[in-house]
Amino acid sequence: MPETPFTPSFAPVSAPAVSGSPASAPVSVLGLGMMGSALASAFLNGGHPVTVWNRSPSRTGPLVAQGALPAATAAEAVAASPLVVLCLLTNDNVDEVLAGLPGEQLAGRTLVNLTNGTPAQARSLSARAEELGARYIDGGIMAVPQMIAGPDAYVFYSGDEEAYETHRPTLAALGGTKWTGTDPGLAALNDLGLLTGMYGMFVGVVQALALVRTENIPAEEYAGLLVPWITAMLGIVPEIARDLDAGQHLTDVSSLAVNQAAFPNIFAAFKDQGVSGELFEPLQALLDRSIAAGHGADGLSRLAEMLTVR
């Protein structure tokens, strides 16, 4: 998820459990941006011995004050724990870190990569980890830093299932754990799918607020109408999904032809009010293409099918 400002908690670290129990399992965290710092803090507060490393060593300070052990190098951090969690800016950075490790450094260890990336990147990294003798788990964090370890935070995981089951009690310190399958790319796919839905919603939100503000309607006031409307419309999502799975797109709710007919008014309002319609132009094009293909009587589920290019 996109990051927002985060300050690690300085609450006292709970005493480690008896040696060998899941609560005392050591873990190394590489990458201490806002999210990585939140992850390390959660492990510490869960009673785990935590070793931390960041390219900029100054970022280790707050976590060291909380009880973490600083590592001077990535190799030192990897050597400290059988479970290594990576949370870097991009998977290119993960590649760089792996390339800089000694040849046998990863043998026998489990890598949990919580760096945001694509399914293809996850599969490539999994193959590389296997070549290095490591087990690989990919993850997609469905939370902002402040949510980590809270009741609404969870992480998608995929890859080496045996390694996942072994380390699941430790990973649970971050929030809920959702296993998606042995294909390493599935966690990233689920993550990006939810982010796609989120960003699509935000596209509509910012477009709506831009429109009403042209008549000096306060955005905060209008949000009071927008939130319940969007919430009500979300109720149709399961129906769209069922229709898509069944390949039966006919609807008694709102056909593509009806939606296409509404769009000229929407774009006319954008133009009259001096608001760009660039965010909605792709949807207009998709509706037009669907109607031209003879799908005017179908529901919104047809659009998902029309987007598939392979």
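Above: the structure in question.
This report concerns the structure included in the present document. (Residues numbered from 1 in each chain as written. Predicted model: local features only at pLDDT ≥ 70, side-chain atom pairs only at ≥ 80, totals over all residues. Heavy atoms only, no water.)

With respect to a nonpolar patch on the surface
For step 1, the next point in the chain: A surface patch of nonpolar side chains, about 280 Å² in accessible area, is lined by Tyr199, Met201 and Phe202.
For step 2, the next point in the chain: The residue Tyr199 is located in helix 7 (residues 186-212) in this model.
For step 3, the next point in the chain: Given a relative accessible area of 44%, Tyr199 falls into the partly exposed group. (Patch = residues over 30% accessible without salt bridge, like charges linked within 9 Å, V, L, I, M, F, W, Y side chains within 5 Å. Areas by Shrake-Rupley, 256 points an atom, 1.4 Å probe, with all protein chains shown as cover. Salt bridge = Lys/Arg side-chain N within 4 Å of Asp/Glu carboxyl O. Helix = DSSP H or I, 4+ residues; strand = E, 2+ residues; numbered from the N terminus. Buried < 20%, exposed > 50% of the residue type's maximum accessible area, 1.4 Å probe, protein only.)

Describing unusual backbone geometry
For step 1, the next point in the chain: In this structure, Ala149 is a non-glycine residue whose phi angle is positive, near 75°.
For step 2, the next point in the chain: Relative to the helices and strands, Ala149 is located in the loop between strand 6 (135-142) and strand 7 (154-159).
For step 3, the next point in the chain: Positive phi outside glycine occurs at Asn216, with the angle close to 60°.

Details of the pairing of strand 1 (residues 27-30)
For step 1, the next point in the chain: Alternating residues of strand 1 divide into Val27 and Val29 and Ser28 and Leu30, and every residue in both groups is buried.
For step 2, the next point in the chain: In this structure, strand 1 lies alongside strand 2 (residues 50-53), joined through four bridges in parallel fashion. Among the inter-strand pairings, Ser28 is bridged to a residue of strand 2, identified as Thr51.
For step 3, the next point in the chain: Running through helix 1 (residues 34-45), the crossover from strand 1 to the neighbouring parallel element strand 2 is right-handed.
For step 4, the next point in the chain: As paired elements, strand 1 and strand 4 (residues 83-86) share four bridges and run parallel to each other. Bridging across to strand 4, Ser28 finds its partner in Val84. (Pairing = 2+ DSSP bridges. Right-handed = clockwise from strand over helix to strand, strands pointing away.)

A few points about the packing of helix 7 against helix 8 (residues 219-233)
For step 1, the next point in the chain: Between helix 7 and helix 8, whose axes approach to 10 Å, the crossing angle comes to 140°. Compared by their axis directions, helix 7 and helix 8 come out oblique. Helix-helix and strand crossings are classified by hand; for helix 7 and helix 8 the assignment is right-handed. From helix 7, Met201, Val205, Ala208, Leu209 and Val212 reach across to helix 8, where they touch Ala219, Tyr222, Leu226 and Ile230. (Axes fitted to C-alpha atoms, helices over the stretch in contact; angles between N-to-C directions. Parallel < 35°, antiparallel > 145°, perpendicular 65-115°, else oblique. Left-handed = near helix turned anticlockwise from the far one by under 90°. Contact = heavy atoms within 4.5 Å.)

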